[in-house]
Amino acid sequence: MNKNHTEVLIIGGGVAGLSLSLRLAQSGIKVTLISKEELTEGSSLYAQGGIAAVLNKEDSFASHIEDTLTAGAGLCNRQTVGYIVENAPDAIDWLVDNGVEFTVIDGPEYDGADSKYHLTREGGHSHRRVIHAQDATGREVATTLENLVRAEPGITTLEHHIAIDLITAQKLGLASPDRAVGAYILDTKTSKVGVISAESLVLATGGASKSYLYTSNPDTSTGDGIAMAWRAGCRISNMEFVQFHPTCLYHPQAKSLLISEAVRGEGGRLLLPDGTRFMKQHHELGELAPRDIVARAIDYEMKLHGLDSVFLDISHKPKDFILEHFPNIYKNCMQYGFDICQEPVPVVPAAHYTCGGVVTDLQGRTDLTNLYCVGEASCTGLHGANRLASNSLLECLVMADASAKHISANCTKTKISPAIPEWDESRVTDPDERIVVAHNWDELRRFMWDYVGIVRTDKRLERAAHRIDLLKEEIRDYYSNFKVSSDLLELRNLVTVADLTVQCALNRRESRGLHYTLNYPKTKRIARDSVIVPTNYPAHANMVSWD
Ligand code: FAD
Ligand code: SIN
């Protein structure tokens, strides 16, 4: 047996990885949970608006399902949507039972309130159905789960450990049907690479929005899980559907500062510099139109009027109301000199969410036996061509539960694992010019923003494809000659996800949901997923399916 063997190796300490670890440990399974920064650093920690769930009597599953399907522009899988929406109330109960404190209301603060929790409204939702912990829902959920994980003896946590690649039976040259058997992991504190073998492995590595220059995401969102699964032989789907959040603070020093959609849900207005509201000209739902429409409208108005930003204004609401609902957004904006109680704040769209990812079924299984994927890295069929606001944390929670059930039922506990060779560093040296990696990061993120952004054309996409080919070659050369570092590993993964995004975008000859191209502005009658199959797709693949 390999020295570092575990029953389940979970890569990623966001809400998907934390909740899955807990559920597995609570059913007696030994888990190793690795995270490339501090345990919970990732998008989950910064989630603001909340979690969508039907919790009010005047709301219904049918309505949540319909809103999700409408946002998804014909590409959601109905079965997945039904499953996740109908399991949402149980997922919220599980969080509450585990100590998560959501914002409560003393009396009905709005018409139709019969839940003890305050439910906010976000774009594309036809009811108030977003349960939240003030405006820092992610922090409340992630830190509560983190404390439980740290106290759980069945879970070993390894922070500052970055997974490099999955190890499969095929890579080891074994005759058995292909399956995932472990992963190579770089300890970023000691710069040593080790092996962890496992009965089952789970990718919970989050999205890939760091492939864009402007993003609401933290530095961890470099698409590592998607790139690792692709290299290991899994199919990847719908990568062209990159969600841009309409309202990030526009300020040279404010990196990734989101202003929640809940601000618009509670009455916030989008304005041009002269104070004119413009959203009604773009959609009947105005500021609460689905996110793709709001982001595109802002992009249009900025280009039309030659603006650096538009403005978001909630200052017409009483100060007490703003401070009660948005204390963190207030504080964060104040740091940059903007008082949201007094004035409109400048906002721009930024890359926010990766709707595509590793194809999984409703148990979180990928095409590779023993390999699961949950959370933003996966593509379950829930989001289709555009994710409905606050459906992401929900997907993390419901799919972690579904995967935990499948893993528990199938985890063999045989402790037999094939001998895995140590990481070979005999032919590499220390990097000669680290500037190459930094420069390539910057170049990639810039051309993705310029050529693969909110409005696309074939010409722009082809330009991006050409640059990606050059970068791939340079990185391949660098990777084979020099010792690995987290920057190099992330760059390699970013180029892979950028490549997959551009391939999917070039193949989609229509505009649908988040993919808008001037060459094909119409939406085709029949909706089809983009599915890319790797050349090493296993002959006996699980062939997971959404149906
Ligand atoms: P993450 O939370 O991103 O966690 C990924 C984890 O994987 C991290 O621990 C990271 O370090 C680790 N990791 C990655 N690669 C490796 C590797 N190679 N080796 C080891 N570890 C690795 N969604 C909602 O539903 N409601 C909201 O209100 C909401 N607000 C948001 C606000 C912001 C600012 C952002 C950025 C996103 C928001 N979202 C929201 C989206 C949502 O937060 C994410 O989609 C969700 O949290 C993803 O969770 P995850 O567990 O899949 O990934
Ligand atoms: C927000 O609070 O606006 C983000 C919600 C989401 O991304 O689902």
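Asker: I'd love a proper account of the packing of aromatic side chains, names of residues and values included.
Answerer: On inspection of all chains with the given rule, the structure shows six aromatic pairs. Seen from their ring centres, Phe102 and Tyr117 are 6.1 Å apart, and the 85 degrees between their planes marks the pair as edge-to-face. Taken together, the residues Phe102 in the loop between α5 (88-97) and β4 (119-120) and Tyr117 in the loop between α5 and β4 connect sequence positions 15 residues apart. We note that Phe102, like Tyr117, is buried. Among the aromatic residues, those joined into a cluster by ring pairs are Tyr212, Tyr214, Phe244 and Trp449. Against the face of Phe321 rests Lys317, its NZ or CZ located 4.9 Å from the ring centre.

Asker: Account for the site of ligand 1, naming residues and giving values.
Answerer: Around ligand 1, the structure places 41 residues, and the nearest of them are Ser44, Gly50, Asp224, Glu376 and Ser392. One of the backbone N or O atoms of Lys36 is found 3.2 Å from a nitrogen atom in ligand 1. Separating an oxygen atom of ligand 1 from a backbone N or O atom of Ala204 is a distance of 3.4 Å. Protein contact buries 98% of the 1,000 Å² of open area that ligand 1 shows by itself. Here the shell around ligand 1 is built from residues that sort into 15 nonpolar, 21 polar and five charged.

Asker: Tell me about the nonpolar core, and please be specific about residues and values.
Answerer: Within the largest apolar cluster, 53 residues are counted, with the highest numbers of intra-cluster contacts made by Val8, Ile10, Leu24, Ile51 and Leu95. Those elements giving two or more residues to this core turn out to be β1 (5-11), α1 (15-26), β2 (31-35), α3 (61-71), α4 (78-86), α5, α6 (137-151) and α12 (392-410). If we ignore the near neighbours within four places in the chain, the residues touching Val8 are Leu24, Ile29, Lys30, Val31, Thr32, Ala198, Ser200, Val202, Ile407 and Cys411. Core analysis: the next-biggest nonpolar cluster, separate from the first, contains 40 residues, Tyr212, Met448, Val452 and Leu489 among them.

Asker: Explain the packing of helix α14 (residues 458-481) against helix α15 (residues 486-507) to me, and be specific about the residues and the numbers.
Answerer: Packed helices, taken two at a time, are described by the angle between their axes plus the distance between the axes. Running from N to C, α14 and α15 point in directions that differ by 150 degrees, and their axes come no closer than 9 Å. By the angle class used here, α14 and α15 are roughly antiparallel. Two packed elements cross with a definite hand, and for α14 against α15 that hand is left-handed. Of the residues in α15, those touching α14 at Asp458, Leu461, Glu462, Ala464, Ala465, Ile468, Leu471, Lys472, Ile475, Tyr478 and Tyr479 are Leu488, Leu489, Leu491, Arg492, Val495, Ala498, Asp499, Val502, Ala505 and Leu506. Taken together, the residues that form the contact of α14 with α15 break down as 16 nonpolar, no polar and five charged.

Asker: Kindly report on the pairing of β2, identifying the contributing residues and their values.
Answerer: Of all five residues in β2, five are buried; the element is thus mostly enclosed. The sheet contact formed by β1 and β2 spans four bridges and is parallel. Pairing of Leu9 across the sheet is with Thr32, part of β2. The parallel pair β1 and β2, bridged by α1, forms a crossover whose chirality is right-handed. Taken together, the five bridges between β2 and strand β6 (residues 155-159) define a ladder with parallel strand orientation. Bridge pairing links Ile34 to Leu158 in β6.

Asker: An account of the sheet that holds strand β17 (residues 378-379) is needed here, citing residue identities and associated values.
Answerer: Taking strand neighbours across the sheet as the criterion, the four strands line up as β17-β15-β10-β18 in an open arrangement whose pairing is mixed. Each edge of the open sheet is held by one strand with a lone partner, namely β17 and β18 (531-532). The sheet contact formed by strand β10 (residues 236-237) and strand β15 (residues 357-359) spans two bridges and is antiparallel. When the sheet's bridge partners are listed, Ser237 is paired in β15 with Gly357. On the sheet, helix α7 (residues 224-232) packs against β10, β15 and β18 and is oriented at approximately 45 degrees with respect to β15.

Asker: Can you tell me about the sheet that holds β4, naming the residues and giving the values?
Answerer: On the basis of which strands lie adjacent, the open sheet formed by three strands has the order β3-β5-β4 and antiparallel pairing. Because the sheet does not close on itself, it has two edges, and the strands there are β3 (51-52) and β4. Sheet topology note: the β4/strand β5 (residues 130-131) ladder contains two bridges and is antiparallel. Pairing of Thr120 across the sheet is with Val130, part of β5.

Asker: Requested: an account of a negative patch on the surface, with residues and values cited.
Answerer: Negative charge collects at one region of the surface, where Asp469, Glu473, Glu474 and Asp477 lie side by side. In this structure, Glu473 sits in helix α14. Residue Glu473 is classed as exposed on the basis of its relative accessible area, which comes to 55%.

Rules used in this analysis
- Residues numbered from 1 in each chain as written.
- Chains lettered and ligands numbered in written order.
- Predicted model: local features only at pLDDT ≥ 70, side-chain atom pairs only at ≥ 80, totals over all residues.
- Heavy atoms only, no water.
- Phe/Tyr/Trp six-rings, centres within 6.5 Å; stacked < 30°, edge-to-face > 60°.
- Helix = DSSP H or I, 4+ residues; strand = E, 2+ residues; numbered from the N terminus.
- Buried < 20%, exposed > 50% of the residue type's maximum accessible area, 1.4 Å probe, protein only.
- Lys NZ or Arg CZ within 6 Å of the ring centre and 35° of its normal.
- Near = heavy atom within 4 Å.
- Polar contact = N/O pair within 3.5 Å; in protein donor to acceptor, adjacent residues only side chain to side chain.
- Areas by Shrake-Rupley, 256 points an atom, 1.4 Å probe, with all protein chains shown as cover.
- Nonpolar A, V, L, I, M, F, W, Y, C, P; charged D, E, K, R; others polar.
- Core = buried A, V, L, I, M, F, W, Y, C linked by side-chain atoms within 4.5 Å.
- Contact = heavy atoms within 4.5 Å.
- Axes fitted to C-alpha atoms, helices over the stretch in contact; angles between N-to-C directions.
- Parallel < 35°, antiparallel > 145°, perpendicular 65-115°, else oblique.
- Left-handed = near helix turned anticlockwise from the far one by under 90°.
- Pairing = 2+ DSSP bridges.
- Right-handed = clockwise from strand over helix to strand, strands pointing away.
- Patch = residues over 30% accessible without salt bridge, like charges linked within 9 Å, V, L, I, M, F, W, Y side chains within 5 Å.
- Salt bridge = Lys/Arg side-chain N within 4 Å of Asp/Glu carboxyl O.
- Lys, Arg positive; Asp, Glu negative; His and termini not counted.
- Charge placed at Lys NZ, Arg CZ, Asp CG, Glu CD.

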